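# Fold and contact review
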Amino acid sequence: MKQITDLFLTFCKIGAFTFGGGYAMISLLDHECVEEKQWLTSDELMNVTVIAESTPGPIAINCATYTGYKVAGIKGAVSATVGIILPSFLLLFIISKFFDNVLMVPVVSRAFRGIRIAVSLLIVQAAIKMSKKLSKKIQIPIMIFFFSVVLALNIANIHISTIYFVLCSGAAGFIFWGGSKDKKVWRDKS
């Protein structure tokens, strides 16, 4: 029972203090689930993030569900999932009930401008942490290549769905590691 409560409270904290969606949560997920609680390894979090991004539903909810299931089975999955959803649900419920045009309030509007900066930094921090954990030498050039392409397209104001980048990255991974005789695909060793 203690694990179930711990999962709920941990994911409730992550859900309450993260603005900006799943990508902004990755840094907090890493801190809480890998560094503090040691429910996941760094590699597992990276793999869960990739899988969660590939499946329907928000990335944070998918990560919470996986982590909860790994730690305490079905009850853990439900507890972690409810924990990550509840703060946002309650906040939106309260805002919708009591505040018409809440963003028109100057104090709230200014606060959200500051929060957007913090969200951007959390996403950058998560990207840096994840890129440091890449172990194969070829992964860094692939990451730099796709980052450069995305940056150039954004500067040129050309919009291409990120789905194509995910598919191209998957194809590049298959080309470089598809014929690998190493059966431990998830545990890259340099």
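Check the entry above for the structure.
This report concerns the structure included in the present document. (Residues numbered from 1 in each chain as written. Predicted model: local features only at pLDDT ≥ 70, side-chain atom pairs only at ≥ 80, totals over all residues. Heavy atoms only, no water.)

## Comments concerning the side chain of Thr-67
Relative to the helices and strands, Thr-67 is located in helix 4 (residues 59–98). Here the side chain of Thr-67 touches Cys-63 through a polar contact of 2.8 Å, landing on its backbone oxygen. Apart from residues lying up to four places away in sequence, Thr-67 is in contact with Phe-11, Cys-33, Trp-39 and Leu-40. (Helix = DSSP H or I, 4+ residues; strand = E, 2+ residues; numbered from the N terminus. Polar contact = N/O pair within 3.5 Å; in protein donor to acceptor, adjacent residues only side chain to side chain. Contact = heavy atoms within 4.5 Å.)

## Looking at the environment of Thr-10
Note on placement: Thr-10 falls in helix 1 (residues 2–16). Residues Thr-10 and Gly-83 lie 73 residues apart in sequence; the distance between their C-alpha atoms is 7.5 Å. If near-sequence neighbours (up to four positions away) are discounted, Thr-10 is found in contact with Glu-32, Lys-37 and Trp-39.

## A closer look at the pattern of salt bridges
Taken as a whole, this structure holds 3 salt bridges when the rule is applied. Two residues, Lys-37 and Asp-6, come together in a salt bridge whose shortest N-O distance is 3.0 Å. One end of the pair, Lys-37, is in the loop between helix 2 (22–36) and helix 3 (42–54); the other, Asp-6, is in helix 1, with 31 residues separating them in the sequence. Lys-37 sits in the partly exposed class, given a relative accessible area of 31%. With a relative accessible area of 22%, Asp-6 lands in the partly exposed category. Across the pair Glu-32 and Lys-13 runs a salt bridge, and its minimum N-O distance is 3.0 Å. Remark: Lys-13 occurs in helix 1 and Glu-32 occurs in helix 2; sequence separation between them is 19 residues. Its relative accessible area of 39% is what places Lys-13 among the partly exposed residues. (Salt bridge = Lys/Arg side-chain N within 4 Å of Asp/Glu carboxyl O. Buried < 20%, exposed > 50% of the residue type's maximum accessible area, 1.4 Å probe, protein only.)

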